[in-house]
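Residues per chain are reported as follows:
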Protein chains: 2
Amino acid sequence: MDPQSTAARHVAVIAGHLNCQSPSAAAPLALAACLHYDPPELSEKPPAFDLAALRRVLDGHDLAARDWLFRLMEESPLFCPRRRGDRTFVAPDYNQTKEQQRAVTMRRIEYLLRRGVFEGWVTGSGPEAELRKLAFFECIAIYDHSLSIKLGVTYFLWGGAIRFFGTKRHHDKWLKATEDYQVKGCFAMTELGHGSNVRGIETIAIYDTNTREFVINTPCESAQKYWIGGAANHATHTIIFSQLLINGTSQGIHAFVAQIRDADGNVCPNVRIADCGHKIGLNGVDNGRIWFDNLRIPRENLLNSVADVLPDGQYVSSIKDKDKRFAAFMAPLTFGRVNIAATAVYISKVALAITVRYALTRRAFSISADGPEVLLLDYPSHQWRILPLIAKTCAMSSAANYLKRLYVKRTPETNKSIHIYSSSLKATLTWHNMRALQECRKACGGQGLKTENRIGILNCEYDVQSTFEGDNNVLMQQLDLLCLRERDLLGRYASEVSQYQAQGESKQKAMLLSHQLADELARAFTERTILQIFADDEMTQSAGPLKELLGLLRSMYALISVEEDASFLRYGYLSLESAAAARKEVMKLCGDLRPHALSVVSSFGIPDAFLSPIAFDWIQANSWASLSNE
Amino acid sequence: MDPQSTAARHVAVIAGHLNCQSPSAAAPLALAACLHYDPPELSEKPPAFDLAALRRVLDGHDLAARDWLFRLMEESPLFCPRRRGDRTFVAPDYNQTKEQQRAVTMRRIEYLLRRGVFEGWVTGSGPEAELRKLAFFECIAIYDHSLSIKLGVTYFLWGGAIRFFGTKRHHDKWLKATEDYQVKGCFAMTELGHGSNVRGIETIAIYDTNTREFVINTPCESAQKYWIGGAANHATHTIIFSQLLINGTSQGIHAFVAQIRDADGNVCPNVRIADCGHKIGLNGVDNGRIWFDNLRIPRENLLNSVADVLPDGQYVSSIKDKDKRFAAFMAPLTFGRVNIAATAVYISKVALAITVRYALTRRAFSISADGPEVLLLDYPSHQWRILPLIAKTCAMSSAANYLKRLYVKRTPETNKSIHIYSSSLKATLTWHNMRALQECRKACGGQGLKTENRIGILNCEYDVQSTFEGDNNVLMQQLDLLCLRERDLLGRYASEVSQYQAQGESKQKAMLLSHQLADELARAFTERTILQIFADDEMTQSAGPLKELLGLLRSMYALISVEEDASFLRYGYLSLESAAAARKEVMKLCGDLRPHALSVVSSFGIPDAFLSPIAFDWIQANSWASLSNE
């Protein structure tokens, strides 16, 4: 196909869309002045590497299953397909009240259920089933965070609690019903007074030997269950986290099962429920508050995998230490962390794919008098803003795949490293996602504010998952630099904590006082880890253009990390001259990556319909003629 | 009042709210475990300085007028008063479609109009009237960004254009009608194809000597007017920015007036209007798109203060140079920049007042086994997160007041410095506001996500105003450091640009390539400026506790700026030892400021009703009993 003749044809098409008539005097001039849209596929050079091969590296697994699920969503009118220009996009309608968003989220779940998407999600097992489930969750999250969270509460939190905290009697009763979405479970852990500090929760369960029941109470307002996803409207059952009192002595936190709504959706007796209200995002999830008033549940509803109460009221546990019992209860939350980390990378890909495509078709200002306007992505500052984020996203894809594989093949021996990796990567990858969304939002100017263009609303919707920290890294000699930083920070941290202790502070207080070094150390650890995993993925490729591209991305990831972390300067790991050289090198790498930008985001595997109008012919999508199709 | 007996009474009140009955065995334990709320006014030390005096410094002007307007809004049911616990809060209901938000915004405007809030906004003049108008805008923005923007479009952009670009015939016809909101004007500058680069707009006006009219056309889809606030539903008139063609030659951009809706709200012939759709914020503003099809307007509708077309078609202008004519048209936008800068500081105050009050009543984790949980604001990391933001907000209040005074007393001689200060301060203050909102959102945990708690939604609503840069600063010897940085960066920037030019790049391209140094230089300039203005405000105070507090805040502002800007290390302005010392000093200042946190935010002058439930008794506000009041 000859790009020039295509461009000429394109101009003719655009001209045909001009349905307003100019006065004759102005007509020739107007035509000369008008902007037209060049598809980046025609204006950019063809890919230098195999796009499908890069997608296999980045997605890591279950490519066909992902595409199947994407198509399911594209096919259904429930997913709000909307026509813009000659394309159709799917995205939720956020100009809805929370009540409307909740209702349509439920209808989407019922549709996916009918199409068999959730088969094996609760009753299945084995690494392949788990990877496939994780892939599905990433795809669903790309459509809508509420849909993903509402499913996650029932399938991961409720389902995971039944599976991991429960025993055969619980599995037989609830697992299949959960997979079929007959039982809609929620997970009542957080309270108004205690969020992160779960051990401090105030809900109380006591055992009544006469009736062989537990009696559950919300003893005060701060003990009300809070933020419970699914509780406000739809959940039929809940896990209740509660202090367990035996003969007046607390045995710590335990998990119980209770029904909270009957088959007609009425709230059960001795349970009160209220709405958490409108939120800045996730309004498709019906977060609720729950109070328990002498709620009685059978003894058998204690999830008893690690501890039990015998019919006579005797407390027995296979784990003697209260702290260790608590840790056992928290372990299944790991799946959620793995899922959130992997999803964060996928969301960054949506935003970057949209932003790069827009930056390859939108021009602003000319740099010489009366010269043509310049493409956004040809501005050095725009390249600096976007291209390092692409490199980070690719590196973090590798890290997320590594984490998923580690998780699905877990053994008792790998639990500790899974905990460390899932915690640090979740923090780093969600932080990166928020930053990518914010930069992309700004890089798209005003168009980034329209919800139909997705980036801005993804920022609002995903703000909830943002937590702390960063990213980073280097070539072979710079890899030494990252290791040096990590080792040195560890030494500094240990020494500062000791100094505070020598001054009479407790160890806990000393660690609080050293919060900056702790943050810097966590960042150093995670950045070094991601770089290593990404480099390992690169090593498995045979020599060729794809391997060269991965090398470029790895160099960019490493150098931008050095550039962005002041600790390299602060602690003297880098001389002023080397810092200046690193900055120049990032700038050079921007130039090297620029020609590959379209190819890389095209390898992200996001279907066009899940991008947005500004990623394609945004002039046509905004034309008066296209209004009649909306 | 004895704090202890008050606390005891408070516990009794809380206990009275417990309307669920615990089984007898658990009752005594439950009471001991329950959280209760201590008002920070009782738990914190009394203020060490005069709160009203600090408010006078920070607000700078029109305190009584602000309070009058706050009360007007609190009194009207249109402003959504809602009961939470024993308090009433006013805030928009964001669980509404854009159509509902637009309708209620219009009703609020009509109410404020009836109460005389806009008197003199267009026809008034003089520094005092302008300062008062700016104060009113800040108060309105605290309630809702949409309300403020919708008013700003008509009163500042449309009204300012008529006033500054127009001459007597335009003033007579439209100024009074605008002030009375009979004429609802909008401002059609931006187009789909050209936003920031206004000179590139494609709308075309030609003069028809036969009918003595201008004929205005949208020659192609990229020329459609875009983002025009007020256009989608309510505007009756618009300013049209258009290329003016005289005998086939463009004279550059000129501003015209056209009516776009008749008295019944119908769109006028030869005008087409469409909606910009749902946005991530500002949905109370009806942004629209406009196309013109041979729209004919009288010759007199050219706003002719700098250029005119005589009845015979001859073009005359008092400014010969096209670029200078363009600059003259942009000048009135300065008022908007001044307003946005001042408003940004005020919004930061709302978020910080809420966050500090919550952090003084919310506890999490204990640092010793079985010890009491610790107040959020007693964590060093929480102090580091919040207290520097308070210092910056106070310093920026001074800077905003300085900018406002400079603006309202403007002369032809000060225009250039107003342009420089308004541009740099707008960028820095809005950037600070976004960062403060994001930090406050996270510092309030999940509660920050509820729209009724304001912080999270302010973040979404104000995202549109975020642009680039930072903050900063130092004591007397560190003030030298800031000046050194600014001088040195200027030298480096000039030298780098020359080097690129020596390599054959154009000056424009060389400046684009040096974008990092340009950013660092802009930051250095603005931070030094703010510090000087803040120090000047401190100088005017007589010795005493308030002056001491201002000194503390200034030191914090100076040192956190050094701490946060890596350029001090990157270019060697600071040795590694001094950098470590500066960090320790910030930590010490956190401790020094901690006891004053409540007093400072109490001096921000934000009425309680404009804060939110988590700023007061959030346990009571969330109680089951309070649901019946909602």
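Keep in mind that what you see is a predicted model, and the values were worked out from it rather than measured.

## A word on the overall build of chain A
So, point 1. Looking only at helices and strands, chain A has 23 helices and 15 strands in total.
So, point 2. For 630 residues, the compact-globule estimate of 2.2 N^0.38 gives 25 Å, and the C-alpha radius of gyration of chain A, at 27 Å, lies within 12% of that figure.
So, point 3. The burial tally for chain A puts 62% of its 630 residues in the buried class.
So, point 4. Considering only contacts in chain A between residues 6 or more positions apart, those separated by 24 or more positions represent 75%.
So, point 5. If you sum the accessible surface of chain A, you get close to 23,100 Å²; carbon and sulfur atoms cover 53% of it.
So, point 6. For chain A, the centre of its 70 positive side-chain charges and the centre of its 68 negative side-chain charges are spaced 2 Å apart.

## A short note on the side chain of aspartate 308 of chain A
All names here are of chain A.
So, point 1. Looking at where aspartate 308 falls in the secondary structure, it is placed in strand S12 (residues 307-309).
So, point 2. No salt bridge is formed by the buried aspartate 308; the nearest opposite charge belongs to arginine 299, separated by 4.1 Å.
So, point 3. Side chain to side chain, aspartate 308 and asparagine 304 meet in a polar contact 2.9 Å long.
So, point 4. When near neighbours in sequence (up to four residues on either side) are disregarded, aspartate 308 contacts Arg169, Arg299, Leu302, Gln314, Tyr315 and Val316.

## Comments concerning the side chain of serine 348 of chain B
Residue and element names in this part refer to chain B.
So, point 1. Here serine 348 lies in helix H11 (residues 334-359).
So, point 2. You can call serine 348 buried: its relative accessible area is 0%.
So, point 3. Within the local environment of serine 348, its side chain forms a polar contact with the side chain of asparagine 433, the two groups lying 3.1 Å apart.
So, point 4. If we ignore the near neighbours within four places in the chain, the residues touching serine 348 are Thr393, His432, Asn433 and Ala436.

## What about the sheet that holds strand S9 (residues 271-275) of chain A?
Residue and element names in this part refer to chain A.
So, point 1. Taken together, the 3 strands give an open sheet; going across it, the order is S6-S10-S9, and neighbouring strands pair in antiparallel fashion. For this open sheet the edge positions go to strand S6 (225-228) and S9, each flanked by a neighbour on one side alone. With strand direction ignored, the average angle separating the axes of adjacent strands in the sheet is 25°.
So, point 2. As paired strands, S9 and strand S10 (residues 288-292) are joined by 5 bridges and run antiparallel to one another. Bridge pairing in S10 links alanine 274 to arginine 289.

## Considering the packing of aromatic side chains
So, point 1. According to the stated counting rule, one finds 52 aromatic pairs over all chains in the structure shown.
So, point 2. One aromatic cluster in this structure is built from Phe118, Trp121, Phe137, Tyr155, Phe156, Tyr181, Phe335 and Tyr407 of chain A.

## Things to note about the relation of the copies chain A and chain B
So, point 1. After a rotation of 180° and a shift along the axis of 0.0 Å, chain A superposes on chain B with an RMSD of 0.0 Å. Read as a symmetry element, the transformation amounts to a two-fold axis.

## Description of the domain arrangement of chain A
Residue and element names in this part refer to chain A.
So, point 1. Once the domains are mapped, chain A shows domain 1 (185-304), domain 2 (333-469) and domain 3 (476-595).
So, point 2. If you look at the interface, domain 2 gives 26 residues, while domain 3 gives 23 residues.
So, point 3. Overall, the association of domain 2 and domain 3 removes approximately 2,100 Å² of surface from exposure, summing both partners, and the carbon and sulfur fraction of that is 74%.
So, point 4. Our count for the contact surface shared by domain 2 and domain 3 stands at 3 salt bridges.
So, point 5. Arginine 435 is paired through a salt bridge with glutamate 564; the nearest N and O atoms lie 3.1 Å apart.
So, point 6. Connecting domain 2 to domain 3 are 5 residue pairs in polar contact (both at pLDDT 80 or more).
So, point 7. Those elements that place two or more of their residues in the side of domain 2 that touches domain 3 are helix H12 (380-408) and helix H13 (415-443).

## Observations regarding the sheet that holds strand S9 (residues 271-275) of chain B
Residue and element names in this part refer to chain B.
So, point 1. With respect to topology, 3 strands assemble into an open sheet ordered S6-S10-S9, the strand pairing being antiparallel. Among the strands making up the open sheet, the edge pair consists of strand S6 (225-228) and S9. Neighbouring strand axes in the sheet, compared pairwise and without regard to direction, differ in orientation by 25° on average.
So, point 2. The pairing of S6 with strand S10 (residues 288-292) spans 2 bridges and is antiparallel.

## Remarks on the interface of chain A and chain B
So, point 1. Listed as interface residues are 104 residues of chain A and, on the opposing side, 104 residues of chain B.
So, point 2. Buried area between chain A and chain B, summed over both chains or domains, comes out near 9,100 Å², and the portion from carbon and sulfur atoms is 59%.
So, point 3. Our count for the contact surface shared by chain A and chain B stands at 4 salt bridges.
So, point 4. Put simply, arginine 570 of chain B and glutamate 563 of chain A hold a salt bridge, and the shortest N to O gap is 3.4 Å.
So, point 5. Linking chain A to chain B there are 40 residue pairs in polar contact (both at pLDDT 80 or more).
So, point 6. Of the residues forming the side of chain A that touches chain B, the biggest block, 5 residues, is contributed by helix H20 (residues 576-593) of chain A.
So, point 7. Among the residues forming the side of chain A that touches chain B, the class breakdown is 48 nonpolar, 34 polar and 22 charged.

## Quick word on the nonpolar core
So, point 1. Counting 317 residues, the largest nonpolar core has Leu112, Ile239 and Ile390 of chain A together with Leu112, Ile239 and Ile390 of chain B as its most contacted members.
So, point 2. Residues within four places of leucine 112 of chain A in sequence aside, it is in contact with Leu69, Met73, Phe79, Val117, Phe118, Ile140 and Leu147 of chain A.
So, point 3. Counting 28 residues, the second-largest nonpolar core is a separate cluster that includes Ala188, Ile228, Ala235 and Ile260 of chain B.

## So, helix H18 (residues 545-564) of chain B
So, point 1. For H18 of chain B, spanning 20 residues, the distance from its first C-alpha to its last is 28 Å, which sits close to the expected 28 Å at 1.5 Å a residue.
So, point 2. With 16 of 20 residues buried, H18 of chain B lies mostly within the body of the structure.

## As for the packing of helix H4 (residues 51-59) of chain A against H12 of chain A
Residues and elements named next belong to chain A.
So, point 1. At a minimum axis separation of 8 Å, H4 and H12 run at an interaxial angle of 50°. It follows from the interaxial angle that H4 and H12 lie oblique. Of the residues in H12, those in contact with Val57, Leu58 and Asp59 of H4 are Cys394, Ser397 and Asn401.
So, point 2. Its residues placed into classes, the contact of H4 with H12 shows 3 nonpolar, 2 polar and 1 charged.

## Notes on the environment of cysteine 220 of chain B
Residues and elements named next belong to chain B.
So, point 1. Tracing the backbone through its elements, the reader meets cysteine 220 in the loop between strand S5 (213-217) and S6.
So, point 2. When its relative accessible area of 3% is taken as the criterion, cysteine 220 is described as buried.
So, point 3. As for cysteine 220 and glutamate 202, which are separated by 18 residues in sequence, their C-alpha atoms are 8.1 Å apart.

## Comments concerning empty space enclosed by the protein
So, point 1. For the coordinates displayed, the defined rule picks out 19 cavities of 30 Å³ or more.
So, point 2. Computed from the structure, the largest cavity encloses a volume of approximately 280 Å³.
So, point 3. Taken together, 26 residues line the largest cavity, and the ones lying closest to its centre are Tyr94 and His278 of chain A together with Tyr94, His278 and Ile280 of chain B.
So, point 4. Of all the secondary structure elements, the ones that give two or more residues to the lining of the largest cavity are helix H14 (455-462) of chain A together with helix H14 (455-462) of chain B.
So, point 5. Grouping the constituent residues of the lining of the largest cavity by class yields 8 nonpolar, 14 polar and 4 charged.

## Observations concerning the packing of H13 of chain A against helix H17 (residues 515-539) of chain A
Residue and element names in this part refer to chain A.
So, point 1. For the pair H13 and H17, interaxial distance at closest approach is 10 Å and the crossing angle is 95°. On the basis of the axis angle, H13 is roughly perpendicular to H17. Taken together, the residues of H17 that come into contact with H13 (itself represented by Ile420, Tyr421, Ser424, Leu425, Thr428 and Leu429) are Phe525, Thr526, Thr529 and Ile530.

## Focus on unusual backbone geometry
Residue and element names in this part refer to chain A.
So, point 1. For cysteine 80, which is not glycine, the phi dihedral falls at a positive 55°.
So, point 2. Mapping cysteine 80 onto the fold places it in the loop between helix H5 (63-75) and strand S1 (81-84).
So, point 3. The exposure class of cysteine 80 is partly exposed, given its relative accessible area of 22%.

## Describing the pattern of salt bridges
So, point 1. This structure, assessed with the given rule, holds 76 salt bridges over all chains.
So, point 2. With its nearest N and O atoms 3.9 Å apart, the salt bridge here joins lysine 450 of chain A to glutamate 452 of chain A.
So, point 3. Accessibility expressed as a relative area gives 4% for lysine 450 of chain A, which makes it buried.
So, point 4. On the accessibility criterion, glutamate 452 of chain A (17% relative accessible area) is buried.
So, point 5. Among the ionic pairs, arginine 485 of chain B bridges to glutamate 527 of chain B, the shortest N-O distance being 2.7 Å. Residue arginine 485 of chain B is found in helix H15 (residues 476-502), and its partner glutamate 527 of chain B is found in helix H17 (residues 515-539); the two are separated by 42 residues along the sequence.

## Regarding H14 of chain A
So, point 1. Where burial is concerned, most of H14 of chain A is hidden: 8 out of the 8 residues are buried.
So, point 2. For H14 of chain A, the complete set of buried residues consists of Ile455, Gly456, Ile457, Leu458, Asn459, Cys460, Glu461 and Tyr462 of chain A.

## Observations regarding the state of the cysteines
So, point 1. A full pass over the atoms with the stated rule returns 0 disulfides over all chains.
So, point 2. With no disulfide of its own, cysteine 590 of chain A lies closest to cysteine 394 of chain A among cysteine sulfurs, the gap being 14 Å.

## Considering the pairing of strand S2 (residues 87-90) of chain A
Residue and element names in this part refer to chain A.
So, point 1. Taken together, the 4 bridges between S1 and S2 define a ladder with antiparallel strand orientation. Pairing of proline 81 across the sheet is with valine 90, part of S2.
So, point 2. In sequence, S1 turns back onto S2 through a hairpin of 2 residues, with glycine 85 there showing a positive phi of about 65°.

Conventions and cut-offs
Residue positions within a chain follow its written sequence, with the count starting from 1. Here chains are named by letter from A upward and ligands by number from 1 upward, in the order in which they appear as written. Note on the predicted model: pLDDT of at least 70 is required for a residue's local features to be given, and 80 or more for side-chain atom pairs to be given and counted; whole-chain, interface and lining totals, by contrast, use all residues. Hydrogens and waters are ignored; side-chain quantities use all the structure's heavy atoms. What counts as a helix is a DSSP run of H or I of at least four residues, what counts as a strand is a run of E of at least two, and both are numbered from the N terminus. For this measure, only C-alpha atoms enter the radius of gyration; the expected value for a globule follows 2.2 Å times N^0.38, where N is the number of residues. Summary of the burial criterion: residues with accessible area below 20% of their type's maximum are buried, those above 50% are exposed, and those between are partly exposed, where the area comes from a 1.4 Å probe applied to protein chains only. Residue contacts are defined here by distance: any two heavy atoms, one from each residue, within 4.5 Å place the two residues in contact. Computed by Shrake-Rupley with a 1.4 Å probe, the accessible areas treat only the displayed protein chains as cover when residues are assessed. A positive count includes Lys and Arg, and a negative count includes Asp and Glu. His and the chain ends are not counted in either. Here the site of a charge means NZ on Lys, CZ on Arg, CG on Asp, or CD on Glu. When a carboxyl oxygen of Asp or Glu lies within 4 Å of a side-chain nitrogen of Lys or Arg, that pair is called a salt bridge. For this analysis, a polar contact is any N or O atom pair within 3.5 Å, provided that within protein one partner can donate a hydrogen and the other can accept it, and provided that sequence-adjacent residues contribute only side-chain to side-chain pairs. At least two DSSP bridges between two strands are required for those strands to pair. To get an axis, a line is fitted to the C-alpha atoms, and for a helix only the part in contact is used. The angle between two axes follows their N-to-C directions and goes from 0 to 180 degrees. Here a pair means two rings of Phe, Tyr or Trp (six-membered ring of Trp) with centres within 6.5 Å. Their orientation is stacked below 30 degrees between planes, edge-to-face above 60, and tilted elsewhere. To line up the copies, we fit them by least squares on C-alpha atoms, keeping just the residues with pLDDT of at least 70 in both. Each domain's extent was defined by an automatic or database domain assignment. Here the quantity called buried area is the total loss of accessible area, with a 1.4 Å probe, experienced by two parts when brought into contact, counted for both. In this classification, Asp, Glu, Lys and Arg are treated as charged, Ala, Val, Leu, Ile, Met, Phe, Trp, Tyr, Cys and Pro as nonpolar, and every other residue, Gly included, as polar. Residues belong to a common nonpolar core when they are buried Ala, Val, Leu, Ile, Met, Phe, Trp, Tyr or Cys residues joined through side-chain atoms within 4.5 Å. In this scheme, a helix's expected span is set at 1.5 Å multiplied by one less than its residue total. With respect to orientation, any angle under 35 degrees is reported as roughly parallel, any angle over 145 as roughly antiparallel, any angle of 65 to 115 as roughly perpendicular, and every other angle as oblique. A cavity here means a set of 1 Å grid points, computed over protein atoms only, where a 1.4 Å probe fits but cannot escape. A pocket is an open set with protein on both sides within 12 Å along at least 5 of 7 lines, and lining residues have an atom within 4 Å of a point. Grid points are joined across faces, edges and corners, and a volume is the space filled by probe spheres set on the points. The rule for a disulfide is simple: a pair of cysteine sulfur atoms within 2.5 Å.

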